[in-house]
Amino acid sequence: MIFDALILGGGPAGCATAIALARENFRVALIEKSRYDSPRIGETLAPAARDLLMTLGVWENFLAQKHLSSSGTLAAWGSEALIENHFITNPYGAGWHLDRNRFDAMLARAAEQAGACVYASPARKIFGEWSVIIQAEKELQGKFLIDASGRAGIITRQLGAQRYELDQLVGLARFFSAPSGDSNDNRTLVEATENGWWYSAFLPDARLVVAFMTDADLKPRAELNSFWDKQLADAAHTRARVTSARNRSEIGIWSANSYALDCCAGENWLAVGDAAMAVDPLSARGIYNALESGLRAAHAIAKKNRGTDSALEEYAVWSRARFEKYRVARAQYYALETRWRDSTFWKRRQIPKGSWE
């Protein structure tokens, strides 16, 4: 089973890479450990992603899935008052709140239709230049290896790449059934409180996701429900949104910290999406960044295959510059919230973190 490229991870970044490479006539293996049947956090798709979906040739398939259109955001940030950012002025129109399982599975089908071989199996062993053992001891070999395994960073950790971390943000997330009558309020709601901030968004199929974002060492190890209720008591806008909602899940804890690899590309390997760099959910750019990095990675690999030895390094330079731009924007936005200067959570974000050089 010999391929031009092995891609570990079938999320948006891995699928985008697979689609683009398959259309360059690469023989591609996409290895996804799940069958897209477990909860996936990260539901917001920015309006500008329309161009990326069209480039990937999946725009019509995306529209057919009928994800929930989002007209903008509401934020209680810097004061108790809600400020609206309406997408009516955005040249791309509305954004979307996604059913992530359906969205990711659609991208995987598109990769398969483009010619990639999709394997629903965890990678059991990775070695050499490059070989991957999957289910039933099947061995796949490839010239290029792409780490699209998300925050796990399976390949990059094995290769010794180091992460530059900005924080230790985690999300305590819970899903609800949306109360009747409220499903028309499709705006993302963000609300700052003393020990972190709240995020909530209505999703397709009358669902609501609510998450409290705080630092890992600021949450208790037990009694998460009591902690959740105590924090929610200080979030009037979020509390009003969930008052009549019906709980559908227990609290799940998800890593949400910002980081970037010191090097996201090497000799015939590179990292894409969250395996290369991860951004704060506050930016609402996670999926957009994943798709964009996948497309750029595929371009770099194709360029390297045609004889440009610097192509993968150029991709790494682009990724590094993108994270530096994000780092500055993140610091500026957190600095807007000054109500809790003595709070540990906010104090950590009022001190600009130095350059990662």
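The structure under discussion appears in the preceding block.
Here we summarise the structure given alongside this text. The structure displayed is predicted, hence computed values, not measured ones.

**Digging into the overall build of the protein**
Counting secondary structure elements, the protein contains 10 helices and 22 strands. In terms of overall dimensions, the protein has a C-alpha envelope of 55 × 45 × 45 Å along the principal axes. Within the span of the protein, comprising 357 residues, buried residues form 54% of the whole. Excluding contacts between residues fewer than 6 apart, the proportion of contacts in the protein whose partners are at least 24 apart in sequence is 73%. Total accessible area on the protein stands at roughly 16,100 Å², and carbon and sulfur atoms take up 49% of it. Computing the positive centroid from 43 side-chain charges and the negative centroid from 41, the protein places the two 1 Å apart.

**Examining the sheet that holds strand 12 (residues 163-165)**
With antiparallel pairing, three strands are arranged side by side in an open sheet as 12-19-22. The outermost strands of the open sheet, each flanked by one partner alone, are strand 12 and strand 22 (277-278).

**So, the environment of Leu189**
Mapping Leu189 onto the fold places it in strand 14 (residues 188-193). Along the backbone, Leu189 and Arg327 are 138 residues apart, and their C-alpha atoms lie at a distance of 23 Å. Ignoring any residue separated from it by four or fewer positions in sequence, one finds Leu189 in contact with Leu74, Leu82, Trp198, Tyr199, Ser200, His237, Thr238 and Arg241.

**Quick look at the pairing of strand 10 (residues 131-134)**
Residues Ser131 and Ile133 of strand 10 are buried on one face, and the alternating residues Val132 and Ile134, pointing to the opposite face, are buried as well. Note that strand 9 (residues 125-127) and strand 10 share three bridges and pair antiparallel. Along strand 10, the bridge assignment pairs Lys125 with Ile133. Looking at chain direction, strand 10 and strand 11 (residues 138-147) are connected through four bridges and run antiparallel. Paired with Ser131 across the strands is Gln141, a residue of strand 11. The turn joining strand 10 and strand 11, which pair antiparallel and follow one another in sequence, is formed by three residues; a positive phi near 60 degrees is taken by Ala136.

**A few points about the sheet that holds strand 4 (residues 68-70)**
Strands pair in a sheet through their backbones, by hydrogen bonds, and they do so in one of two ways: parallel or antiparallel. Spatially, three strands are ordered 3-7-4 in an open sheet, and the strand pairing comes out antiparallel. Strand pairing shows two members of the sheet lacking a second neighbour, strand 3 (44-45) and strand 4, which therefore form its edges. Note that strand 4 and strand 7 (residues 95-97) share three bridges and pair antiparallel. What sits directly across from Ser70, in strand 7, is Gly95.

**A short note on the pairing of strand 14**
For strand 14, the tally of buried residues reaches six of six residues, placing the bulk of the element in the interior. Residue alternation in strand 14 divides its side chains into two sets, Thr188, Val190 and Ala192 and Leu189, Glu191 and Thr193, and both sets are buried. In this sheet, strand 14 lies alongside strand 5 (residues 72-76) in parallel orientation, the contact comprising four bridges. Across the sheet, Ala75 pairs through a bridge with Val190, a residue of strand 14. Taken together, strand 14 and the strand that follows it, strand 15 (residues 196-203), pair antiparallel across an intervening segment of two residues.

**Remarks on the side chain of Arg40**
Turning to its location among the elements, Arg40 is positioned in the loop between strand 2 (28-32) and strand 3. Side chain to side chain, Arg40 and Ser34 meet in a polar contact 2.8 Å long. With sequence-adjacent residues up to four places away left out, Arg40 is seen in contact with Gly11, Glu32, Ser34, Arg100, Asn101 and Asp104.

**Quick word on the pattern of salt bridges**
Oppositely charged side chains may form a pair once their charged atoms are brought near each other. Going through the model one piece at a time under the given rule, you end up with 20 salt bridges. With a shortest N-O distance of 2.9 Å, Asp167 and Arg330 are connected by a salt bridge. Taken together, the residues Asp167 in the loop between strand 12 and strand 13 (169-177) and Arg330 in helix 9 (residues 311-334) connect sequence positions 163 residues apart. The exposure class of Asp167 is buried, given its relative accessible area of 8%. Residue Arg322 pairs with Glu292 through a salt bridge whose shortest N-O separation is 3.7 Å. In this pair, Arg322 sits in helix 9 while Glu292 sits in helix 8 (residues 286-305), placing the two residues 30 residues apart along the sequence. Taking the relative accessible area as the measure of exposure, Glu292 reaches 17% and is therefore buried. Each of Glu32, Arg40, Arg100 and Asp104 takes part in one network of salt bridges that share partners.

The rules behind the values
Residues numbered from 1 in each chain as written. Predicted model: local features only at pLDDT ≥ 70, side-chain atom pairs only at ≥ 80, totals over all residues. Heavy atoms only, no water. Helix = DSSP H or I, 4+ residues; strand = E, 2+ residues; numbered from the N terminus. Buried < 20%, exposed > 50% of the residue type's maximum accessible area, 1.4 Å probe, protein only. Contact = heavy atoms within 4.5 Å. Areas by Shrake-Rupley, 256 points an atom, 1.4 Å probe, with all protein chains shown as cover. Lys, Arg positive; Asp, Glu negative; His and termini not counted. Charge placed at Lys NZ, Arg CZ, Asp CG, Glu CD. Pairing = 2+ DSSP bridges. Polar contact = N/O pair within 3.5 Å; in protein donor to acceptor, adjacent residues only side chain to side chain. Salt bridge = Lys/Arg side-chain N within 4 Å of Asp/Glu carboxyl O.

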